[in-house]
Amino acid sequence: MKQRIGVYICHCGGNISDYVDVEELGKMFHQEENVIISKDVMFACADSNQKDIVADIQANNLDAIVVCSCSPKLHLHTFKNVAARAGLNPSNYVQVNIREQCSWPHSDRPREATVKAAGLIRAGINRVSYSESLENIELSVKKSALVIGAGVSGMKAAIDLARSDNEVFLIEKDFFVGGRIAQKETLFPTNQNGKEVVAALYNEMKKFPNITIFTGATVEKVSGSLGNFSVDIKVKPRYINPNADKKAVKRAMEECPVSVHDDFNLELVERKAIYKNYPEALPDVPVVVAEALKDATDFTGKFASTLNLNEEAQTLSLIAGSVLVTTGYDHYQPKEGEYGYKTISNVVTLPELNRLMEMNSEKLVYKGKQIKSLAFIYCVGSRQTKGDNKYCSRQCCTSTIHTSLQLKEKYKDIQTYHLYRDIRTYGKQELMYAESSKQGDLYFKYEEKEMPVVSVDGKSTIVKVKDYLTAKKEMEIEADLVVLVTGMVAREDATTISELFKIPIGRDKFFNEIHPKLKPVETVIKGVYIGGTCQGPKNISESVQSSLAGASKITALLKSGTVMVDPITARVDADKCTWCGKCSDVCDYTAIKEVLFGEKHVAGVNKAVCTGCGICAPVCPVNAIEIAQYTDNEIESMIDGFMQDVIITEKEAVVEEKDEEGKVGMKEYPLVWREILAGMTDEKNTIPEIVANTKLAGELVTFHLMTMNRYGVVVPAGMDAKETYYYYKRK
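What counts, and at which threshold
Residues numbered from 1 in each chain as written. Predicted model: local features only at pLDDT ≥ 70, side-chain atom pairs only at ≥ 80, totals over all residues. Heavy atoms only, no water. Phe/Tyr/Trp six-rings, centres within 6.5 Å; stacked < 30°, edge-to-face > 60°. Helix = DSSP H or I, 4+ residues; strand = E, 2+ residues; numbered from the N terminus. Buried < 20%, exposed > 50% of the residue type's maximum accessible area, 1.4 Å probe, protein only. Pairing = 2+ DSSP bridges. Axes fitted to C-alpha atoms, helices over the stretch in contact; angles between N-to-C directions. Polar contact = N/O pair within 3.5 Å; in protein donor to acceptor, adjacent residues only side chain to side chain. Contact = heavy atoms within 4.5 Å. Core = buried A, V, L, I, M, F, W, Y, C linked by side-chain atoms within 4.5 Å. Parallel < 35°, antiparallel > 145°, perpendicular 65-115°, else oblique. Left-handed = near helix turned anticlockwise from the far one by under 90°. Nonpolar A, V, L, I, M, F, W, Y, C, P; charged D, E, K, R; others polar. 1 Å grid on protein atoms, 1.4 Å probe; cavity = no way out; pocket = protein on both sides within 12 Å on 5 of 7 lines; lining within 4 Å. Points joined across faces, edges and corners; volume = space filled by probe spheres on them. Salt bridge = Lys/Arg side-chain N within 4 Å of Asp/Glu carboxyl O. Domains from an automatic or database assignment. Buried area = accessible area lost by both parts, 1.4 Å probe.

Once that is clear, we can look at the packing of aromatic side chains. On inspection of all chains with the given rule, the structure shows eight aromatic pairs. With a centroid separation of 5.8 Å and 75° between ring planes, the pair formed by Tyr391 and Phe510 is classed as edge-to-face. In this pair, Tyr391 is assigned in the loop between strand 21 (373-380) and helix 11 (396-411) and Phe510 in the loop between helix 13 (494-501) and strand 29 (528-530), connecting sequence segments 119 residues apart. Of the two residues examined, Tyr391 and Phe510, each falls in the buried class. Between Tyr420 and Tyr443, the ring centres sit 6.0 Å apart and the planes meet at 70°, which makes this aromatic pair edge-to-face. A residue pair is termed long-range when its members are at least 10 positions apart, and Tyr420 in strand 22 (residues 415-420) and Tyr443 in strand 23 (residues 442-445) qualify at 23 residues. The class of Tyr420 is buried, set by a relative accessible area of 8%. Since its relative accessible area comes to 12%, Tyr443 is described here as buried. Each member of the aromatic cluster is reached from another via a ring pair, and the members are Tyr420, Tyr433 and Tyr443.

This paragraph deals with the sheet that holds strand 26 (residues 473-478). If you walk across this open sheet you meet the three strands as 24-25-26, and the pairing is antiparallel. The outermost strands of the open sheet, each flanked by one partner alone, are strand 24 (453-457) and strand 26. Sheet twist, expressed as the average angle between the axes of neighbouring strands with direction ignored, equals 30°. Relative to strand 26, strand 25 (residues 460-467) runs antiparallel, the two being bridged by six bridges. Across the sheet, Ile462 pairs through a bridge with Glu478, a residue of strand 26.

Attention shifts here to the side chain of Asn166. Mapped onto the elements of the fold, Asn166 is located in the loop between helix 6 (152-163) and strand 7 (167-172). On the basis of relative accessibility, which here comes to 1%, the residue Asn166 falls in the buried class. Of note is the side chain of Asn166, whose polar atom sits 3.1 Å from the backbone oxygen of Leu161. In contact with Asn166, other than residues within four places in its own chain, are Lys143, Leu161, Asn210, Thr555 and Leu558.

All right, on to the sheet that holds strand 18 (residues 347-349) then. Two modes of strand pairing occur in sheets, parallel and antiparallel, and in both the strands are linked by backbone hydrogen bonds. Ordered by their spatial adjacency, five strands build an open sheet running 18-27-21-22-23, and the pairing between neighbours is parallel. Sheet topology places strand 18 and strand 23 at the edges, where each strand pairs with a single neighbour. Going from strand to strand, the sheet's axes swing by 25° on average, the running direction of each strand aside. Across three bridges, strand 18 lies against strand 27 (residues 481-486) in parallel orientation. Residue pairing in the sheet places Thr349 in a bridge with Leu484 of strand 27.

Residues Leu146, Leu353, Leu364, Ile377 and Phe501 are the most contacted members of the largest nonpolar core, which totals 94 residues. Those residues in contact with Leu146, other than ones at most four positions away along the chain, are Phe169, Ile171, Val231, Leu318, Ala320, Ser322, Val323, Leu324 and Phe501.

This part covers unusual backbone geometry. Along the chain, Leu282 connects to Pro283 via a cis peptide bond; the corresponding omega equals 0°. One can find Pro283 in the loop between strand 13 (274-275) and strand 14 (287-288). For Cys379, which is not glycine, the phi torsion reads 60° and is therefore positive. On the secondary structure map, Cys379 appears in strand 21. Look at Cys379 and you get buried, because its relative accessible area is 14%.

The subject of this paragraph is the pairing of strand 27. Most of strand 27 is tucked away, with six of its six residues classed as buried. Burial of strand 27 is two-sided: the residues Leu481, Val483 and Val485 facing one way and the residues Val482, Leu484 and Thr486 facing the other way are all buried. As paired elements, strand 21 and strand 27 share five bridges and run parallel to each other. Residue pairing across strands places Ala375 opposite Val482, the latter belonging to strand 27.

Relative orientation of the contacting elements helix 6 and helix 7 (residues 194-205) amounts to 25°, with a least axis distance of 10 Å. One element, helix 6, and the other, helix 7, form an angle in the roughly parallel class. Crossing handedness for the pair helix 6 and helix 7: left-handed. Every residue of helix 7 that contacts helix 6 at Val152, Met155, Lys156, Ala158, Ile159 and Arg163 is listed here: Val197, Val198, Leu201, Tyr202, Glu204 and Met205. Of the residues that constitute the contact of helix 6 with helix 7, the class distribution is nine nonpolar, no polar and three charged.

What follows covers empty space enclosed by the protein. Overall, the coordinates contain five cavities of 30 Å³ or more when judged by the stated rule. Its boundaries defined by the atoms lining it, the largest cavity holds a volume of some 110 Å³. Lys184, His331, Gln395, Ser399 and Thr486 are, among the 13 residues lining the largest cavity, the residues nearest its centre. Elements with a minimum of two residues in the lining of the largest cavity: strand 17 (329-331), helix 10 (350-359), helix 11 and strand 27. Take the lining of the largest cavity: its biggest share by element is three residues, from helix 10.

With that out of the way, let us pick up the environment of Tyr391. We classify Tyr391 as buried; its relative accessible area is 15%. It is 41 Å that separates the C-alpha atoms of Tyr391 and Leu134, two residues lying 257 residues apart in sequence. Each residue touching Tyr391, except ones within four places of it in the same chain, is listed here: Ser382, Arg383, Met488, Val489, Asp508, Phe510 and Pro537.

Before going further, it helps to spend a moment on the side chain of Gln384. Within the element layout of this structure, Gln384 appears in the loop between strand 21 and helix 11. Taking the relative accessible area as the measure of exposure, Gln384 reaches 16% and is therefore buried. Within the structure, Gln384 has its side chain in polar contact with the backbone nitrogen of Asp388 (distance 3.2 Å). Each residue touching Gln384, except ones within four places of it in the same chain, is listed here: Tyr332, Asn389, Lys390 and Glu448.

Next up on the list: the pattern of salt bridges. Tallied over the full model, the rule gives 29 salt bridges. Measuring nitrogen to oxygen at the nearest pair gives 2.8 Å for the salt bridge that ties Arg180 to Asp330. Separated by 150 residues along the polypeptide, Arg180 in the loop between strand 7 and helix 7 and Asp330 in strand 17 bring together distant segments of the chain. Of the residues examined, Arg180 reaches a relative accessible area of 23% and is grouped as partly exposed. Lys553 is paired through a salt bridge with Glu522; the nearest N and O atoms lie 3.1 Å apart. Taken together, the positions of Lys553 in helix 14 (residues 540-558) and Glu522 in the loop between helix 13 and strand 29 put the pair 31 residues apart, joining distant regions of the chain. The class of Glu522 is buried, set by a relative accessible area of 12%. Residues joined in a network through salt bridges with shared partners are Arg383, Asp422, Lys445 and Glu447.

This paragraph deals with the domain arrangement of the protein chain. Splitting the protein chain by domain gives domain 1 (5-134), domain 2 (144-236 + 317-328 + 491-561), domain 3 (246-311), domain 4 (336-487), domain 5 (566-628) and domain 6 (666-730). Computed over C-alpha atoms, the centres of domain 2 and domain 4 are 32 Å apart. Each partner contributes residues to the interface: domain 2 has 14 residues there, and domain 4 has 18 residues. Approximately 1,300 Å² of surface area, both sides summed, lies buried where domain 2 meets domain 4, with 48% of it carried by carbon and sulfur atoms. Among the residues of domain 2 in contact with domain 4, Glu185, Phe188 and Pro537 are the three that bury the most area, contributing 41% of the side total.

Here is the structure:
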């Protein structure tokens, strides 16, 4: 057990000390057995305090430290580094969270918060007493990276990785690179053509011999771990003879007698069964829908030397030191009947409108009718209180307004109406909103409780909306085309990728990073990173930035040929283990396998794969598995410490009145609270009414009502009829 422990209790600038008596706790734990130093500090994470902790460790020969502050997610590594700088093994450090777990949730009961904090701190001291000095695990890594998804984010990351002399395998599910950006005619703010951006990136990639691109490819199987991921990919055939003459291939495309749905153009038109997404699509090799040509025997016979309809898919095995997932997003697909989609002929989505604009150069025509007015309905499939997608897709407002500006520029006399809940054109994108307003676009604000209604009146399509900008007047808009502004949703194959690489998925179904600020592109799986819109809605710039962040992390990881990983893994007591296989069955990371130990079969842990999640430990019937830093001794001692009685010396007795039922009366409240309560009737009251009754300043009443609401002295009671003021009433 540790004999010389240092304890540091953080004020956190008032976040903790406003509700927890940290000074009293500092004095209390100075008396604790084996505690040599016990201090309360204003900011434990400040550079000056970090230096003081280093000096304390060295001067007092401390063998363990406990810092009682905020969440370990924020500063665990900060204080582990402090320990390391002082020559103390970082595993002999424990962080106790008395902010998120104590002062914040119990801010209304400071005495009890202090008692609970004392229990948490004692639990931390007990735990660190049983801590062990652990050493990081060194692994050799292969200097190669696998990038999944060849959109703009994936291609930029592949180029960045290749520049750092890494071997790069770029896998794209589609037969052509570019992803969604290839479907964009113009991009904000540069007004570049999406296809030109894709071509420039592809040509840049071709300059690097260490980039290998696989199109029409999917990941089938993944094994191994950080440094040596073994990945099987399946490459679908294009059914084009690789030795065929290019002119013959072009003739086959032109003469193909069969048409199929055009997925690239969102099935607004059809394309030949031998196709490219668009004429300049890359790689410059078309694809054959072989199933569609099975009855076109005359045609296939004529081009027998060009087509190879018997070609089969190939399965290839790759070894990668690290993986970057940039698989992108899907557009939300409205349900049939949602705002008239699929039931009213002239209701389309924003992505469909963008494809129509590219296919119509002179006039915007849809189903034979020239479009002279459009009504955009925002937040379709986003910010749903009762639906699946409760999040904001962030880029929809910008995309819509940018499209509206392009409509005016391309087709001149066209009127656009914008039915929105909130305009979120953040940053420089706000300039587009101002330009849109100046050019005559009309904006109507609606609320979710009163959604726009799309209906047909004879030959006209009418959109009804209650406009909150004009005191909820009901407007009727006759539009030639109704455009549903759909948000970003996770791809359909996200769950497949998640299962293969063990990447956690959030409630929004996008991939989860470890921490949005501290580790924004790392996943819980060592060596697997995420970037772009597979994490959540982003614009192009943000997507590229995140994928490049992932690429830089991979480069830093692979550059030395070896990597040090966290030693918190499962470990097996071979003397106790009888190999029943239960631990292996529950392990999501395939880190546990049967091994031979002498003449005995026991569980063996692959430390490179193990994440230290601990799911294996409770299922072991003979208690042969434990997790480093989470041993039985450490956890049980924490429970004992937390359950121990705590005596807090009160500095001042609090005078309270109690009624017959023992409820606290009014003496504990500030005088101004009593004045406010005296000025409230037994019914509901607005702030102006309370101000009139009390003669107190409106600002003072407003400030104290917020605090009284927080402490449960008053409660909100809805809004007045004009929705101008909130009602409050005594609790």
